[in-house]
Amino acid sequence: TCCHLHARAAPVQATLPGPEFALLCDCCRSCFLNQPDLPVLSEQVDWDFFLKLAARHRVEGLVHKALYGRHDLPSKVRQRLLLQGQLIAADNLRAARESMRLQAAFAAAEVPLLFVKGLPLGLIAYGDPFAKQAIDMDLLVPAGRIRDAAAVLVGLGYRPVPPITAKRIGDWHRVSKESAWLGGVGLLVDLHCRLTDLPNALEAFSPWQAEQLFSIAPGVTLRGFGGTALLAYLAVHGGTSGWFRLKWLSDFAGVVTGILPHDVEAAWQACLGTPAEPALALSFLLSHDLFGTDLPRDLAEDGPNRQQLRLLAFSKGNLLATAEPTERRLGTVGIHLTQLLLAGSWAAGWREGRRQVRHALLARGIY
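Residues numbered from 1 in each chain as written. Predicted model: local features only at pLDDT ≥ 70, side-chain atom pairs only at ≥ 80, totals over all residues. Heavy atoms only, no water.

(A) Representation of the packing of helix α5 (residues 118-126) against helix α9 (residues 246-258) within the structure. Across the interface, α5 lies against α9 with an axial gap of 7 Å and an inter-helix angle of 55 degrees. The angle between the axes of α5 and α9 places the two elements in the oblique class. Seen from above, α5 lies across α9 with left-handed handedness. Where α5 abuts α9, its residues Leu121, Ile124, Ala125 and Tyr126 lie against Lys247, Ser250, Asp251, Gly254 and Val255. Looking at side-chain class alone, the contact of α5 with α9 contains five nonpolar, two polar and two charged residues. (Axes fitted to C-alpha atoms, helices over the stretch in contact; angles between N-to-C directions. Helix = DSSP H or I, 4+ residues; strand = E, 2+ residues; numbered from the N terminus. Parallel < 35°, antiparallel > 145°, perpendicular 65-115°, else oblique. Left-handed = near helix turned anticlockwise from the far one by under 90°. Contact = heavy atoms within 4.5 Å. Nonpolar A, V, L, I, M, F, W, Y, C, P; charged D, E, K, R; others polar.)

Printed below as a string of C-alpha cells:
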C-alpha cells in the first residue's frame, strides 16, 4: 500500500454486529475489482434473514457473484441466489439495450447526456456491469435542457410518474434534482438536472469535465463519468441518503479499491475545503470501518471528529435496520437532518431546508 494511505488504521468503531450483515459485507468486498477474497461462511448465519437483508440492501446480484458455485450453501439459498442473479443479469441486459436507444435519441436531439451510476459504475467498481442490481436508469442532462430532455423521453414512450406532470417539469426541477419517468416496457428512468440537491456540494467537480466512454458489452458504449467527480458524487449521494442501503457504500468502496492509492489521496485533497468534504470524510470512514478500505492520511491520523462520529452512528443504525426508512415511523426525519448537517454552513442548511419544504408542497400540488 502506498505510504500516503493508512490501510491498517484501526476502525473508528466496532464492526456492525450480526453474522448475516458481516457476510453481506464479505460478499460485496469479494466482488471488488482488485480484492477477490472468498467469503467465509459461518454456522451462525440465519439464512432466511440473510436473504431478507440481501434483498433489502439490493446486493443480491453481488452476493450471487460472490457465492456462486459454493456447495456449502443450503440448497434453498443457492437456488434463490441463482434465480435472482439470472433476473438481475437479464434486467441489466435489457437496460443496456434501452440505454443505447436513449443515448441515440438524445444525440439526435443534440441534448448532452451522461449515464449516472448504473452499468458504468458496475464496470468501474466490480469489473462487471451486469452484477449490480438497479431498479432504474439515471440520466444527467444540463439544467437548461430539461424541457428538451423531457420531450425526448415523451417521444420514446416515457411518461412522468405522478405527482410530476410534463407541463410542470420545469417547476419540479427547480426544487428537485430529478424526475421519474416510466417507459412502456416497465423501465424506470430518473432524469437529473443536477447530481444533488445539497447546495453547491459538487460545484467543484463537474461530471461533464470528467466524461468517459464505457464499453459495457460488444456494441454497447455509454457516456458516463469517473475520477474524483464520481467519488465525490457517490459520497454526497450516500451521505445525503443517510447511507441506509449497503449497495451504495459497496459501490463507493469498490471504486476506492479499484483506483491507485495516490489517486485516492489526490481525490481527498481535491475535496478539502469544498462543500463535498464532510460527505467524503464520512464515506471514507464508513467504508474503512465496514470494508477495510484505505483512509487518506489525515483522516487516518486524526480520526473522526464529534460530528462525524454522530453521522457514523446514525448511518450504521440505518444500515442495520431491516426496513426502508420510508417504511418506519419518522424514518426519514434523520435523513433530512443529515442533509442539513452535510450542507456545510447555516446558510446552506437554511437553503436546503427551504428547498425540502418547497419540494413537499409541490409534490402535494400546493406550491
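(B) Fine view of the packing of aromatic side chains. One pass over the full model with this rule turns up seven aromatic pairs. Ring centres of Trp268 and Phe284 lie 6.2 Å apart, and the angle between their planes is 85 degrees; on these two criteria the pair is classed as edge-to-face. Residue Trp268 is located in helix α10 (residues 261-271), and its partner Phe284 is located in helix α11 (residues 277-291); the two are separated by 16 residues in the primary sequence. Like Trp268, the residue Phe284 is buried in the burial classification. Linked through ring pairs, Phe32, Tyr126 and Phe291 together constitute an aromatic cluster. (Phe/Tyr/Trp six-rings, centres within 6.5 Å; stacked < 30°, edge-to-face > 60°. Buried < 20%, exposed > 50% of the residue type's maximum accessible area, 1.4 Å probe, protein only.)

(C) Summary view of the pairing of strand β2 (residues 137-140). Both faces of β2 are covered, namely the face carrying Met137 and Leu139 and the face carrying Asp138 and Leu140. Of the strand pairs in this sheet, strand β1 (residues 114-116) and β2 are connected by three bridges, and their pairing is antiparallel. Bridging from a neighbouring strand, Leu114 pairs with Leu140 of β2. (Pairing = 2+ DSSP bridges.)

(D) Up close: helix α6 (residues 146-155). Regarding α6, the residues found buried are Ile146, Ala149, Ala150, Val152 and Leu153. Buried residues in α6, looked at end-on, bunch into an arc of 155 degrees, giving them a common side. Every exposed residue of α6 that faces more than 90 degrees away from the buried side is listed here: Arg147, Ala151 and Gly155. Gly157 sits one or two positions beyond α6 and adopts a positive phi of about 95 degrees. (Arc of directions from axis to C-beta.)

(E) Seen up close, the sheet that holds β1. Strand order in the open sheet formed by five strands is β1-β2-β5-β4-β3, with mixed pairing between adjacent strands. The strands lining the two open edges of the sheet, one partner per strand, are β1 and β3 (159-160). Across two bridges, the pairing between β3 and strand β4 (residues 178-182) is antiparallel. Paired with Arg159 across the bridge in β4 is Leu182. Contacting β2, β3, β4 and β5 (188-192), α6 crosses the sheet at an angle of about 165 degrees to β5.

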